Amino acid sequence: MSVIRCVLSILFYTLNTLFWFVPIFLCGLVKLIPIKPLQKLMSWIAKQCATVWVTCNGINQNVFASYQLNVTGLEQLRSKDWYLVIANHQSWVDILVMQRIFNRRIPFLNFFLKKELIYVPFLGLAWWALDFPFMTRTSKSQLKKNPKLRGKDLETTRKACEKFKEMPVSIVNFVEGTRFTAEKHARQKSPFQYLLKPKAGGVAFVMQAMGEQISKVVNVTIHYPGGIPSFVDFASGLVKQIDVRVEVMDVSPNLIGDYTGDADFRVNFQAELNRIWEEKNQQLAQFESQAE
């Protein structure tokens with residue numbers, strides 16, 4: 001029975017995505033015309049289409065793979081503010097869960113993506129049309145070989161954030177930089193039992209580019225009592241419960257500054273992020289104890 005549910009669910013996801021891809025992509029093409037009011041209108045239409053796409057995905061989950069979703073902390077959210085959303089990352093399911101709980105509550109979620117993801121069939125072009133930034137992360141080894149690359153990540157982020165200043169947006173950053181696994185956790189020697197080490201760069205660049213415009217920071221903690229699921233597990237209806245804690249935080253002065261040029265600020269920023277991550281780890285420990 002779970003196999004049938006999985007096939008039907010994935011088929012629905014696919015058809016839903018293909019259907020909404022067409023108007024979203026067409027909006028992206030029209031936005032290539034350098035007329036600001038037209039570009040703004042097309043961005044709005046594309047995001048409305050994407051919102052309905054997410055709503056239909058939620059219906060799919062209710063019909064083929066229903067689960068109990070326990071969420072706290074949504075009361076303060078508004079649809080016309082600018083948000084930076086930070087979250088722990090364990091599975092591709094995280095994205096579907098976040099899209100569902102925030103749909104129509106805050107502006108459509110925009111993710112910073114690896115540049116390779118633009119080649120994902122249909123979705124890559126849809127993300128492009130929705131103004132998702134495609135990033136080329138510069139590693140420390142690359143910087144050593146070519147110091148001229150220093151600051152390129154910040155410049156890419158700044159250009160992406162220019163588009164976000166024209167209408168309210170929710171910018172999502174998975175601070176760990178990758179999905180949690182026991183192997184990665186051991187390799188990092190992470191001090192957090194349920195989390196990888198937070199990477200400050202992505203959040204810092206967004207705050208440096210848009211800090212004065214960000215209304216709130218939305219801190220999301222996602223927990224799967226039955227263990228971290230794959231997308232196939234989720235589509236098969238094997239996930240029975242998901243717990244989510246949402247904390248809406250004021251933008252701390254410790255998060256706004258020159259991350260690339262001010263060493264003291266960089267240290268304080270990382271300390272602030274570690275503090276948030278320690279609290280998130282405690283929340284996950286509490287979820288674990290409740291699940292036992």
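Data block above holds the structure.
Here we summarise the structure given alongside this text. From a predicted model like this one, the values you see are computed outputs, not experimental measurements. Along each chain, residue indices are assigned from 1 in the same order as the chain's sequence is written. Note on the predicted model: pLDDT of at least 70 is required for a residue's local features to be given, and 80 or more for side-chain atom pairs to be given and counted; whole-chain, interface and lining totals, by contrast, use all residues. To obtain the side-chain values, all non-hydrogen atoms of the structure were included, while hydrogens and water were left out.

**Observations regarding the overall build of the protein**
Labels follow the DSSP assignment, with helices taken as runs of H or I lasting at least four residues and strands as runs of E lasting at least two, numbered in each case from the N terminus. The helix and strand tally for the protein stands at ten helices and eight strands. Whereas a compact globule of 292 residues would reach a radius of gyration of roughly 19 Å, the protein reaches 19 Å, a difference of no more than 12%. Seen through its principal axes, the protein has C-alpha atoms that stretch 55 × 55 × 40 Å. Here the analysis covers contacts within the protein between residues at least 6 apart in sequence; of these, 75% occur between residues at least 24 apart. Each charge class in the protein can be summarised by its mean position, and for the 35 positive and 24 negative side chains these summaries are 7 Å apart. Every radius of gyration here is taken over C-alpha atoms, with the globule rule written as 2.2 Å times N^0.38, N being the number of residues. The criterion used for residue contact is that any of the two residues' heavy atoms lie within 4.5 Å. This count recognises Lys and Arg as positive and Asp and Glu as negative, with His and chain-terminal groups excluded. For this purpose, a charge sits on NZ of Lys, CZ of Arg, CG of Asp or CD of Glu.

**A few points about a nonpolar patch on the surface**
Like-charged residues within 9 Å of one another, or nonpolar side chains (Val, Leu, Ile, Met, Phe, Trp, Tyr) within 5 Å, are grouped into patches, provided each residue has over 30% relative accessible area and no salt bridge. For every accessible area listed, the method is Shrake-Rupley and the probe measures 1.4 Å; residues are considered covered only by the protein chains on display. Throughout this description, the term salt bridge denotes a Lys or Arg side-chain nitrogen within 4 Å of a carboxyl oxygen of Asp or Glu. A grouping of Ile-4, Leu-8, Leu-11, Leu-15, Leu-18 and Phe-122 is seen on the molecular surface, where their side chains present a nonpolar patch of about 530 Å² in accessible area. Looking at the element boundaries, Leu-15 is found in helix α1 (residues 2-30).

**Remarks on the sheet that holds strand β6 (residues 170-174)**
Any two strands with at least two DSSP bridges between them are considered paired. Ordered by their spatial adjacency, six strands build an open sheet running β1-β8-β7-β2-β6-β3, and the pairing between neighbours is mixed. This sheet does not close on itself; its edge strands, each paired only once, are β1 (68-72) and β3 (109-111). The sheet shows a mean angle of 25° between the axes of neighbouring strands, taken without regard to direction. Across the sheet, helix α3 (residues 93-102) is in contact with β1, β2 (83-87), β3, β6, β7 (216-223) and β8 (241-249); its angle to β8 comes to roughly 60°. An axis is simply a line fitted to the C-alpha atoms; with a helix, the fit covers only the stretch in contact. Between two such axes, the angle follows the N-to-C directions and lies from 0 to 180 degrees.

**Observations concerning the packing of aromatic side chains**
Classification of ring pairs rests on two measures: the distance between centres of Phe, Tyr or Trp rings, Trp counted by its six-membered ring, which must be within 6.5 Å, and the angle between planes, read as stacked under 30 degrees, edge-to-face over 60 and tilted in between. Scanning the model with the defined rule gives 13 aromatic pairs in all. Centre to centre, the rings of Tyr-67 and Phe-234 are 5.3 Å apart; their planes meet at 55°, and the pair counts as tilted. Placement of Tyr-67 in the loop between α2 (36-64) and β1 and of Phe-234 in helix α9 (residues 231-235) is noted, with a sequence separation of 167 residues between them. Here Tyr-67 matches Phe-234 in class, with each residue buried. An aromatic cluster is built from Phe-108, Phe-111, Trp-127, Phe-132 and Phe-174, whose rings are joined through pairwise contacts. Lys-280 extends its terminal NZ or CZ atom over the ring of Trp-277, reaching a point 5.1 Å from the ring centre. Only protein chains enter the area calculation, which uses a 1.4 Å probe; residues under 20% of their type maximum are buried, those over 50% are exposed, and those in between are partly exposed. To sit over a ring, a charge needs its Lys NZ or Arg CZ within 6 Å of the ring centre and within 35 degrees of the ring normal.

**What about the pattern of salt bridges?**
Within this structure, the stated rule accounts for eight salt bridges. Arg-245 serves as the salt-bridge partner of Glu-247, at 3.8 Å between the closest nitrogen and oxygen. Residue classification places Arg-245 among the partly exposed residues on the basis of a relative accessible area of 27%. Between Glu-272 and Arg-275 there is a salt bridge whose closest N-O contact spans 2.9 Å. Residue Glu-272 and its partner Arg-275 are both found in helix α10 (residues 263-291); the two are separated by three residues, about one turn of the helix. The exposure class of Arg-275 is partly exposed, given its relative accessible area of 37%. If you follow the salt bridges from partner to partner, you end up with Glu-272, Arg-275 and Glu-279 in one network.

**Topic: the side chain of Asn-173**
Inspection of the secondary structure puts Asn-173 in strand β6. Not counting the four nearest positions on each side in its chain, Asn-173 is found in contact with Val-85, Ile-86, Ala-87, Gly-202 and Val-203.

**A look at the pairing of β8**
The pairing of β1 with β8 spans five bridges and is parallel. The partner of Val-71 across the bridge, within β8, is Val-244. Here β7 runs beside β8; their pairing, made up of seven bridges, is antiparallel. Considered in β8, the bridge of Val-217 is made with Met-249.

**Some points on the environment of Leu-41**
The topology assignment puts Leu-41 in helix α2. Between the C-alpha atom of Leu-41 and that of Val-246, which follows or precedes it by 205 residues, the distance is 31 Å.

**Quick word on the packing of α1 against α2**
Packing of α1 against α2 brings their axes to within 9 Å, and their N-to-C directions diverge by 175°. The orientation of α1 relative to α2 falls into the category roughly antiparallel. Class assignment of the residues belonging to the contact of α1 with α2 gives a composition of 18 nonpolar, six polar and one charged. Should an angle lie under 35 degrees it is considered roughly parallel, over 145 roughly antiparallel, and from 65 to 115 roughly perpendicular; all remaining angles are considered oblique. In this classification, Asp, Glu, Lys and Arg are treated as charged, Ala, Val, Leu, Ile, Met, Phe, Trp, Tyr, Cys and Pro as nonpolar, and every other residue, Gly included, as polar.

**Brief notes about the packing of α2 against α3**
The geometry of α2 relative to α3 is characterised by a closest axis approach of 9 Å and an angle of 110° between their N-to-C directions. In terms of orientation, α2 and α3 fall into the roughly perpendicular class. Between α2 and α3, the contacting residues are Trp-53, Val-54, Gly-58, Gln-61 and Asn-62 on the first element and Leu-96, Gln-99 and Arg-100 on the second.

**Section: the pairing of β6**
Summarising burial for β6: five of the five residues are buried, a large majority. With burial as the criterion, each face of β6 is covered, one bearing Ser-170, Val-172 and Phe-174 and the other bearing Ile-171 and Asn-173. In terms of strand pairing, β2 meets β6 through five bridges, oriented parallel. Pairing of Val-85 across the sheet is with Val-172, part of β6. Of the strand pairs in this sheet, β3 and β6 are connected by three bridges, and their pairing is parallel. Along β6, the bridge assignment pairs Leu-109 with Ser-170.

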